[in-house]
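# Inside the fold
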Amino acid sequence: MFRLKRKTKLIHGGSPFDPQTGAVSVPIYQVSTYKQDEIGVHKGYEYSRTGNPTRHALEQYIADLEEGARGFAFSSGMAAIHAVFSLLSAGDHIILTDDVYGGTYRIVTKVLNRLGIDNTFADTTSLDEVAKALQPNTKALFVETPTNPLLKVSDVAVLAAWCKAEELLFVVDNTFSTPYWQNPLALGADIVLHSATKYIGGHSDVVAGLAVVKNDKLGEELHFVQNATGGVLGPQDAWLLMRGLKTLGLRMEAHEENALAIVEYLSGLDTIESIHYPGLRSHPQHELAKRQARGFGGIVSFDVGSGEKASDMIRRLKYFTLAESLGAVESLISVPARMTHASIPRERRALLGITDGLVRISVGIEDHEDLIADLEQALAE
Ligand SMILES: *Cc1c(COP(=O)(O)O)cnc(C)c1O
């Protein structure tokens, strides 16, 4: 078999036809249960929590795109993350990226801790810092790369080799890069996760999560958890994600082209205190980002100096919608310290560099000339 190029794979990956009818868009199987011919004799589906043909098509599709053994679709990114953490047991310890998504920080520090799963947050851009966090009961490393909102990049291949030596489960949240730009399993990770609410859905109309595992053994274990805990994705939403994925390549390239143009514009302003984007040559992990991923993505964060200045700018913007979330066709803007990262205590935010003046933009696929003109008028004193 020859290896498909990425845009072809987005169209022909998984099993893109309905096996029953040949329909080129897998139908929405809006069904909860399935007729059995005799007790225990069925066509592979018994009950839709355990398996549903529409969800199954999406699960095969994402497994193919992430080059893994098996995929799983959940009712949200957090449900996917929760399911993966449910592979652990009381007494275990996890190491996580320090500026991880706020919801991941919250489940680890407010839910898993109560269940006896301990944690250490570390700067995963440095293997030394990660190694320092290792304990005799450490069972997993959870890395987000690039991170939200500071776009820090961790070396997946280096961390994967270390996890292998230490016999740890290595989980990567690939939400920001998507399988179009980055494939953590191919770099040695065991499980890759997505908030499919973001780029994979891509149209701000569905909340969903995906996980892909590297081998059948992990596949069995995660399917057991998915079925046992039940946070599955419904067939309508599974269908929307498949529809979204078809254009992932086109969208990711458009997001990136616009992001690069905006970064270039912002770089020329002396009123901006800092710009975070892996595509900038001044980004601390620029070379790694180039090596590890095929693109830099569409998220840019920059510091306008103060929370007040951030509010003023946002009030004047016309085409950057003030909203949580990211990764959809329309441009969005947020203030992490007061929105997505508000659940992280202030002192910890300061330590991480998530200042009050830091704004994050999720660059949409509009014409970048209009986006830049909008930023220009909003930033004018
Ligand atoms: C949004 C997000 C999540 C959580 O996903 P939901 O779909 O909102 O539950 C997890 N990780 C990252 C990086 C995210 O951006």
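Residues numbered from 1 in each chain as written. Predicted model: local features only at pLDDT ≥ 70, side-chain atom pairs only at ≥ 80, totals over all residues. Heavy atoms only, no water.

Within an unreviewed UniProt entry, the label attached to the protein chain reads Cystathionine gamma-lyase/homocysteine desulfhydrase, and the organism entered is Paenibacillus endophyticus. If you open the UniProt record of the protein chain and go to Cofactor (unreviewed entry), you find "pyridoxal 5'-phosphate". (UniProt positions renumbered as here; feature names shortened; annotations may be inferred.)

## Structural notes on the site of the ligand
Around the ligand, the neighbouring residues are Ser76, Gly77, Met78, Ile81, Tyr101, Glu144, Asp173, Thr175, Ser195, Thr197, Lys198 and Ala208. One of the side-chain nitrogen or oxygen atoms of threonine 197 is found 2.6 Å away from an oxygen atom of the ligand. Between the ligand and lysine 198, the relevant distance is 2.7 Å, taken from an oxygen atom to a side-chain nitrogen or oxygen of the residue. Calculation on the ligand without its partners gives an accessible area of 380 Å², and the protein chains cover 92% of this total. Sort the elements by how many residues they give to the shell around the ligand and helix H3 (residues 77-85) lands first, with 3 residues. Classifying every residue of the shell around the ligand gives 4 nonpolar, 5 polar and 3 charged. (Near = heavy atom within 4 Å. Polar contact = N/O pair within 3.5 Å; in protein donor to acceptor, adjacent residues only side chain to side chain. Areas by Shrake-Rupley, 256 points an atom, 1.4 Å probe, with all protein chains shown as cover. Helix = DSSP H or I, 4+ residues; strand = E, 2+ residues; numbered from the N terminus. Nonpolar A, V, L, I, M, F, W, Y, C, P; charged D, E, K, R; others polar.)

## Considering the layout of surface pockets
In this structure, the largest pocket spans a volume of roughly 380 Å³. Lining of the largest pocket is provided by 18 residues; of these, Gln20, Tyr29, Lys43, Tyr45 and Pro53 occupy positions nearest its centre. Here the lining of the largest pocket is built from residues that sort into 9 nonpolar, 5 polar and 4 charged. (1 Å grid on protein atoms, 1.4 Å probe; cavity = no way out; pocket = protein on both sides within 12 Å on 5 of 7 lines; lining within 4 Å. Points joined across faces, edges and corners; volume = space filled by probe spheres on them.)

## Examining the UniProt feature "modified residue: N6-(pyridoxal phosphate)lysine" (unreviewed entry) in the protein chain
The UniProt entry lists Lys198 under the feature "modified residue: N6-(pyridoxal phosphate)lysine" (unreviewed entry), expressed in the numbering used here. Along the chain, lysine 198 falls in the loop between strand S6 (191-195) and strand S7 (209-213). Taking the relative accessible area as the measure of exposure, lysine 198 reaches 9% and is therefore buried. In contact with lysine 198, other than residues within four places in its own chain, are Tyr101, Thr175, Ser325, Leu326 and Gly327. (Buried < 20%, exposed > 50% of the residue type's maximum accessible area, 1.4 Å probe, protein only. Contact = heavy atoms within 4.5 Å.)

## Remarks on the sheet that holds strand S9 (residues 299-303)
In a beta sheet, neighbouring strands are held together by backbone hydrogen bonds and run either parallel or antiparallel to one another. Spatially, S8-S9-S12-S11-S10 is the arrangement adopted by the 5 strands of the open sheet, whose pairing is mixed. Every interior strand has two partners, whereas the edge strands, strand S8 (274-276) and strand S10 (321-322), have only one. Pairing between S8 and S9: 3 bridges, direction antiparallel. Across the sheet, residue serine 274 finds its bridge partner in S9, namely aspartate 303. Each of S8, S9 and strand S12 (358-362) touches helix H10 (residues 248-267); the most contacted strand, S9, lies at about 15° to it. (Pairing = 2+ DSSP bridges. Axes fitted to C-alpha atoms, helices over the stretch in contact; angles between N-to-C directions.)

## A short note on the packing of H10 against helix H14 (residues 368-379)
Between H10 and H14, the shortest axis-to-axis distance is 10 Å and the interhelical angle comes to 35°. The element H10 and its partner H14 pack so that their crossing is right-handed. In this structure, H10 uses Glu257, Asn258, Ala261, Ile262, Tyr265 and Leu266 to contact H14, whose residues at the interface are His368, Leu371, Ile372, Leu375, Glu376 and Leu379. Of the residues that constitute the contact of H10 with H14, the class distribution is 8 nonpolar, 2 polar and 2 charged. (Left-handed = near helix turned anticlockwise from the far one by under 90°.)

## What to know about the pairing of strand S4 (residues 138-144)
Burial runs high along S4: 6 of the 7 residues are buried. Pairing of strand S2 (residues 93-97) with S4 involves 4 bridges; the strand directions are parallel. Of the residues in S4, the one forming a bridge with leucine 96 is phenylalanine 142. Relative to strand S5 (residues 169-173), S4 runs parallel, the two sharing 5 bridges. Each bridged residue has a counterpart across the sheet, and for phenylalanine 142 the counterpart in S5 is valine 171.

## Some thoughts on the environment of glycine 295
Along the chain, glycine 295 turns up in the loop between helix H11 (286-292) and S9. For the pair formed by glycine 295 and methionine 339, sequence separation is 44 residues and the distance between their alpha carbons is 27 Å. Once you skip the residues sitting within four places of it in the chain, glycine 295 turns out to touch Trp181 and Glu256.

## Quick notes on the pattern of salt bridges
Per the stated rule, a full pass over the model turns up 16 salt bridges. For lysine 43, the salt bridge identified is with aspartate 37, shortest N-O distance 4.0 Å. Between lysine 139 and aspartate 92 there is a salt bridge, with its nearest N and O atoms 3.2 Å apart. Linking lysine 139 in strand S4 with aspartate 92 in the loop between H3 and S2, this pair joins segments that are 47 residues apart in sequence. For lysine 139, a relative accessible area of 38% gives the class partly exposed. The network of salt bridges with shared partners includes Asp98, Asp99, Asp123 and Lys152. (Salt bridge = Lys/Arg side-chain N within 4 Å of Asp/Glu carboxyl O.)

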